[in-house]
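For reference, the chains in residue letters:
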Amino acid sequence: MTRIAVLTSGGDAPGMNAAIRAVVRLGLARGFEVVGVRDGYTGLIAGNWLPLGPRDVGGIIGRGGTVLGTTRCNDLKTETGQAAAERQIRERDIDGLVVIGGNGSQAGAAALARRGVRVIGLASTIDNDLPGADITIGATTALDTAVEAIDRLRVTAASHHRAFLVEVMGRHHGFLGLYAGIAGGAEAVVLPEVNVEPETVAAEILGSYQRGKSHAIVVVAEGAQHDAEGLAAYFRAHAQRLGFELRVVRLGHLQRGGPPGVFDRMYATSLGAAAVEHVAAQRWGVLLGQIDGKVAATPLAAIAGATKPLDLELYRLAYLLAQ
Ligand code: F6P
């Protein structure tokens, strides 16, 4: 009998549970045996497995996080860790491993594939920075959360004529910042991809007031060269000259929690279904993600360590739209 294992790895993302559920139920429907690995690659190396039946994944499609648990596993970056993971897979007669996760997790999957492990990756991270997927599981839900927060902040900002720096996630990639900034109607966005000096941000804020706005919202990605903390320190140091009142809100992990939206539930389900089809067809060593509206398979070797470029045309639009 074909035996598949499924794990979630890296930062949790809303929709991971929907992907697990689809892999389990559709795998079982295909006559496979399905086991779950607890706590990502850490559990894989330690041999922390559990058998999964249809009832074990009941009621999870609408839950954020991951019922399997997840870790950021440094051990898998080492030769010893990879060998231990490979040994576990061989000793337990696992025919295929499904890895649900983002950039680091798929780099790990690629490393295992190089060792001959039969692996399939599902693109999942709120950062949406993975090549091989126009959008990743969790990103749209995280965006909805960020935009809802920005909408609320604008209400109080306008009441007090205040400026707000809203820090969103995205260590290395500005997707969340750019999209939350545009969809939230921000006056400025500050992203890792484009360096913006504090004085330029201050000019955007002052310009908003001069154009008759009652507030100014600046969305700052956590990975920006001048992050929210740095910008706030600069504005405080020049408070008298600049003359606007500032508050800082860090959305942080709030963006990762919460139930997945309908898109993420459907998308994660479709990637889970495609993973099972790939196992059945013995097509290994690929990342599954949506490209041009269809589920596509990209070799893990091609995406490992690579980052999807940000649409800089959209970045320019964000500033024009803020007028
Ligand atoms: O999973 C991606 C992400 O949410 C990034 O946006 C963020 O920088 C990072 O994870 C935070 O990681 P951790 O939860 O390990 O602090």
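Nothing here was measured: the structure is a model prediction, and the numbers come from that model.

Here is what the cut-offs are and how they apply
- Residues numbered from 1 in each chain as written.
- Predicted model: local features only at pLDDT ≥ 70, side-chain atom pairs only at ≥ 80, totals over all residues.
- Heavy atoms only, no water.
- Helix = DSSP H or I, 4+ residues; strand = E, 2+ residues; numbered from the N terminus.
- Rg over C-alpha atoms; globule rule 2.2 N^0.38 Å.
- Buried < 20%, exposed > 50% of the residue type's maximum accessible area, 1.4 Å probe, protein only.
- Contact = heavy atoms within 4.5 Å.
- Areas by Shrake-Rupley, 256 points an atom, 1.4 Å probe, with all protein chains shown as cover.
- Lys, Arg positive; Asp, Glu negative; His and termini not counted.
- Charge placed at Lys NZ, Arg CZ, Asp CG, Glu CD.
- Axes fitted to C-alpha atoms, helices over the stretch in contact; angles between N-to-C directions.
- Parallel < 35°, antiparallel > 145°, perpendicular 65-115°, else oblique.
- Nonpolar A, V, L, I, M, F, W, Y, C, P; charged D, E, K, R; others polar.
- 1 Å grid on protein atoms, 1.4 Å probe; cavity = no way out; pocket = protein on both sides within 12 Å on 5 of 7 lines; lining within 4 Å.
- Points joined across faces, edges and corners; volume = space filled by probe spheres on them.
- Domains from an automatic or database assignment.
- Pairing = 2+ DSSP bridges.
- Salt bridge = Lys/Arg side-chain N within 4 Å of Asp/Glu carboxyl O.
- Near = heavy atom within 4 Å.
- Polar contact = N/O pair within 3.5 Å; in protein donor to acceptor, adjacent residues only side chain to side chain.
- Sits in = over half its atoms within 2 Å of the grid points.
- Phe/Tyr/Trp six-rings, centres within 6.5 Å; stacked < 30°, edge-to-face > 60°.

1. Some words on the overall build of the protein chain
Along the protein chain, the regular secondary structure elements total twelve helices and eleven strands. For the protein chain, whose C-alpha radius of gyration is 22 Å, the value lies close to the compact-globule estimate of 20 Å for 323 residues. Dimensions of the protein chain along its principal axes, counting C-alpha atoms only, are 70 × 40 × 30 Å. Classification of the 323 residues of the protein chain by burial places 54% in the buried group. The contacts of the protein chain with a sequence gap of at least 6 include a subset with a gap of at least 24, amounting to 76%. Of the accessible surface of the protein chain, which amounts to about 13,500 Å², a share of 52% is contributed by carbon and sulfur atoms. Both charge centroids of the protein chain, one from 31 positive and one from 31 negative side chains, sit 4 Å from each other.

2. Let's talk about the packing of helix α7 (residues 198-210) against helix α8 (residues 228-237)
Following both chains from N to C, one finds α7 and α8 inclined at 70°, their axes separated by 10 Å at the closest point. The angle between α7 and α8 falls in the class roughly perpendicular. Mapping the contact onto sequence places P198, E199, V201, A202 and I205 in α7 and L231, Y234 and F235 in α8. By residue class, the composition of the contact of α7 with α8 is seven nonpolar, no polar and one charged.

3. Details of the environment of I217
Of note, I217 is situated in strand β8 (residues 216-221). When its relative accessible area of 0% is taken as the criterion, I217 is described as buried.

4. Describing the layout of surface pockets
Here the largest pocket is characterised by a volume of approximately 730 Å³. As for the largest pocket, its lining consists of 35 residues, and the residues nearest its centre are R72, N103, G104, S105 and R171. With six residues, the top contributor of residues to the lining of the largest pocket is helix α4 (residues 103-114). Residue composition of the lining of the largest pocket, by class: eight nonpolar, 19 polar and eight charged. In this structure, the lining of the largest pocket is formed jointly by two domains, domain 1 (3-138 + 260-303) and domain 2 (141-257), each of which donates at least three residues.

5. Description of the sheet that holds strand β11 (residues 294-299)
Across the sheet, seven strands lie side by side as β3-β2-β1-β4-β5-β10-β11; this open sheet has mixed pairing. Of all the strands in the sheet, just β3 (49-51) and β11 have a single pairing partner and so form its edges. On average, adjacent strands in this sheet sit at an angle of 25° to one another, irrespective of strand direction. Running at roughly 160° to strand β4 (residues 96-101), helix α1 (residues 16-29) makes contact with β1 (3-8), β2 (33-37), β4 and β5 (119-123) of the sheet.

6. Quick look at the pattern of salt bridges
For the structure shown, the criterion picks out 15 salt bridges. A salt bridge links E148 to R152; its shortest N-O distance comes to 2.9 Å. Placement of both E148 and R152 in helix α5 (residues 139-160) is noted, with a separation of four residues, approximately one turn of the helix. In this structure R152 comes out as exposed when scored by relative accessible area, which is 58%. The salt bridge involving E245 is made with R162; its shortest N-O contact spans 3.2 Å. Of this pair, E245 sits in the loop between α9 (239-242) and β9 (246-250) while R162 sits in the loop between α5 and β6 (163-168), and the two are 83 residues apart along the sequence. Taking the relative accessible area as the measure of exposure, R162 reaches 14% and is therefore buried.

7. Some points on the site of the ligand
In the vicinity of the ligand, the contacting residues are G11, R72, I126, D127, M169, G170, R171, E222, H253 and R256. D127 places a polar side-chain atom, nitrogen or oxygen, 2.6 Å from an oxygen atom of the ligand. At a separation of 3.1 Å, an oxygen atom of the ligand approaches a polar backbone atom of G170. Coverage of the ligand by the protein amounts to 79% of the 400 Å² it exposes when considered alone. At a threshold of 2 Å from the grid points, most atoms of the ligand map onto the largest pocket. In terms of residue class, the shell around the ligand is built from two nonpolar, three polar and five charged.

8. Examining the packing of aromatic side chains
The full count for this structure, using the stated rule, is five aromatic pairs. Consider the rings of F175 and Y179, whose centres lie 4.4 Å apart with planes at 35°: the pair is tilted. Taken together, the positions of F175 and Y179, both in helix α6 (residues 175-183) and four residues apart, correspond to about one turn of that helix. Using a relative accessible area of 5% as the deciding quantity, one classes F175 as buried. Members of the aromatic cluster, each reached through a chain of ring pairs, are Y234, F235 and F244.

Coordinates in, geometry out; function isn't part of it.
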